[in-house]
Amino acid sequence: GAVVSQHPSWVICKSGTSVKIECRSLDFQATTMFWYRQFPKQSLMLMATSNEGSKATYEQGVEKDKFLINHASLTLSTLTVTSAHPEDSSFYICSARDRLEPQHFGDGTRLSIL
Amino acid sequence: QKEVEQNSGPLSVPEGAIASLNCTYSDRGSQSFFWYRQYSGKSPELIMSIYSNGDKEDGRFTAQLNKASQYVSLLIRDSQPSDSATYLCAVSNSGYSTLTFGKGTMLLVSP
């Protein structure tokens, strides 16, 4: 149980492109979803927390207009990186949680901006 | 500022040995503690969760929590080469709050 699917797993695109990443909980209802970013040899850095039907809460230093998060249903959240630039290249990982249960992570999306 | 500290390693152990991974945290209000395993290029996978002082065993894994010392550890018995990965310690104030991750300890198990 507790499977989280993330898509796509790998994206390579040109600078200035907007990229959408999907995160789905397959066998449970995710009341809360989280988006993380991880640079090489670094730990996970929380970007934002989203609850179904409400606006995401962004961590300090994360631009909400650049990283658009939508959590329209209890099983789907999306992260859109708008006008991506090479410095946005990173490993983006979502996680989902049902109420008090531990977070379960998706497989991650490796984003490379040329 | 909540902090979770881990030795970055690498921690090298021979196959069959016990691997001991340690983690300290700064926030005394922390209530929930987790160990995640992350293989290179992959996302974290939940290994253990522990919420009360003492030991919690699951197969070859034992999590130990000492809230007075603000210390949590993970023991891996009969270590296997497939256990080679980075182990992340994560802490939260409650079931509703966010996780704070340590930087992880790299474990290398040699055949």
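Figured I'd write up the structure that's included with this text.

### Details of the overall build of chain B
The number of helices and strands found in chain B is zero helices and 11 strands. In chain B, the succession of helices and strands from N to C terminus is β-β-β-β-β-β-β-β-β-β-β. Against the globule reference of 13 Å for 111 residues, chain B gives a C-alpha radius of gyration of 13 Å, in line with a compact fold. Structurally, chain B occupies a C-alpha span of about 40 × 30 × 20 Å along its principal axes. Burial status across chain B gives 46% buried among its 111 residues. A sequence separation of at least 24 residues applies to 54% of the contacts in chain B between residues at least 6 apart. Carbon together with sulfur atoms contributes 48% to the accessible area of chain B, which is approximately 5,300 Å² in total. For chain B, the distance from the average position of its 9 positive side-chain charges to the average position of its 10 negative side-chain charges is 5 Å.

### Looking at the interface of chain A and chain B
Facing 20 residues of chain A, the contacting portion of chain B comprises 18 residues. Both faces combined, the contact of chain A with chain B buries some 1,400 Å², and carbon together with sulfur accounts for 58% of it. Joining chain A to chain B, the criterion identifies zero salt bridges. At the boundary of chain A and chain B, one finds four residue pairs in polar contact (both at pLDDT 80 or more). Mapped by element, the contributors of at least two residues to the side of chain A that touches chain B are β4 (32-38), β5 (45-51), β9 (90-97) and β10 (104-105) of chain A. Residue classes in the side of chain A that touches chain B are distributed as nine nonpolar, seven polar and four charged.

### Considerations on the pairing of β9(A)
Residues and elements named next belong to chain A. A large share of β9 lies buried, amounting to eight of its eight residues. Across the two faces of β9 the burial is the same, with Ser 90, Tyr 92, Cys 94 and Ala 96 and Phe 91, Ile 93, Ser 95 and Arg 97 all buried. With seven bridges joining them, β4 and β9 adopt antiparallel strand pairing. Pairing of Tyr 36 across the sheet is with Ile 93, part of β9. Two strands pair when backbone bridges link them, and β9 and β10 are joined in this way by two bridges, in the antiparallel orientation.

### Section: the environment of Phe33(B)
Residues and elements named next belong to chain B. Looking at where Phe 33 falls in the secondary structure, it is placed in strand β4 (residues 32-38). Overall, the relative accessible area of 1% leaves Phe 33 in the buried class. Between the alpha carbons of Phe 33 and Cys 23 there is a distance of 10 Å; along the sequence they are 10 residues apart. In contact with Phe 33, other than residues within four places in its own chain, are Tyr 25, Met 48, Ser 49, Ile 50, Leu 65, Lys 67, Val 72, Ala 90 and Val 91.

### Overview of the sheet that holds strand β7 (residues 61-66) of chain B
Taking strand neighbours across the sheet as the criterion, the five strands line up as β1-β3-β8-β7-β6 (chain B) in an open arrangement whose pairing is antiparallel. Strands with a single pairing partner mark the edges of an open sheet, and in this sheet they are β1 (4-5) and β6 (54-58) of chain B.

### Examining the environment of Asp78(B)
Tracing the chain through its elements places Asp78(B) in the loop between β8 (71-76) and β9 (85-92). Residues within four places of Asp78(B) in sequence aside, it is in contact with Gly16(B), Ala17(B), Arg60(B) and Asp83(B).

### Points about the sheet that holds strand β7 (residues 67-73) of chain A
Across a sheet, strands are paired by hydrogen bonds formed along the backbone, either parallel or antiparallel in direction. Residues and elements named next belong to chain A. The strand order across the open sheet built from four strands is β1-β3-β8-β7, with neighbouring strands paired in antiparallel fashion. The open sheet terminates on both sides in strands that have one partner only, identified here as β1 (4-7) and β7. On average, adjacent strands in this sheet sit at an angle of 15° to one another, irrespective of strand direction. Of the strand pairs in this sheet, β1 and strand β3 (residues 19-25) are connected by four bridges, and their pairing is antiparallel. By the bridge assignment for β3, His 7 is matched with Glu 22.

The rules behind each value
Residues numbered from 1 in each chain as written. Chains lettered and ligands numbered in written order. Predicted model: local features only at pLDDT ≥ 70, side-chain atom pairs only at ≥ 80, totals over all residues. Heavy atoms only, no water. Helix = DSSP H or I, 4+ residues; strand = E, 2+ residues; numbered from the N terminus. Rg over C-alpha atoms; globule rule 2.2 N^0.38 Å. Buried < 20%, exposed > 50% of the residue type's maximum accessible area, 1.4 Å probe, protein only. Contact = heavy atoms within 4.5 Å. Areas by Shrake-Rupley, 256 points an atom, 1.4 Å probe, with all protein chains shown as cover. Lys, Arg positive; Asp, Glu negative; His and termini not counted. Charge placed at Lys NZ, Arg CZ, Asp CG, Glu CD. Buried area = accessible area lost by both parts, 1.4 Å probe. Salt bridge = Lys/Arg side-chain N within 4 Å of Asp/Glu carboxyl O. Polar contact = N/O pair within 3.5 Å; in protein donor to acceptor, adjacent residues only side chain to side chain. Nonpolar A, V, L, I, M, F, W, Y, C, P; charged D, E, K, R; others polar. Pairing = 2+ DSSP bridges. Axes fitted to C-alpha atoms, helices over the stretch in contact; angles between N-to-C directions.

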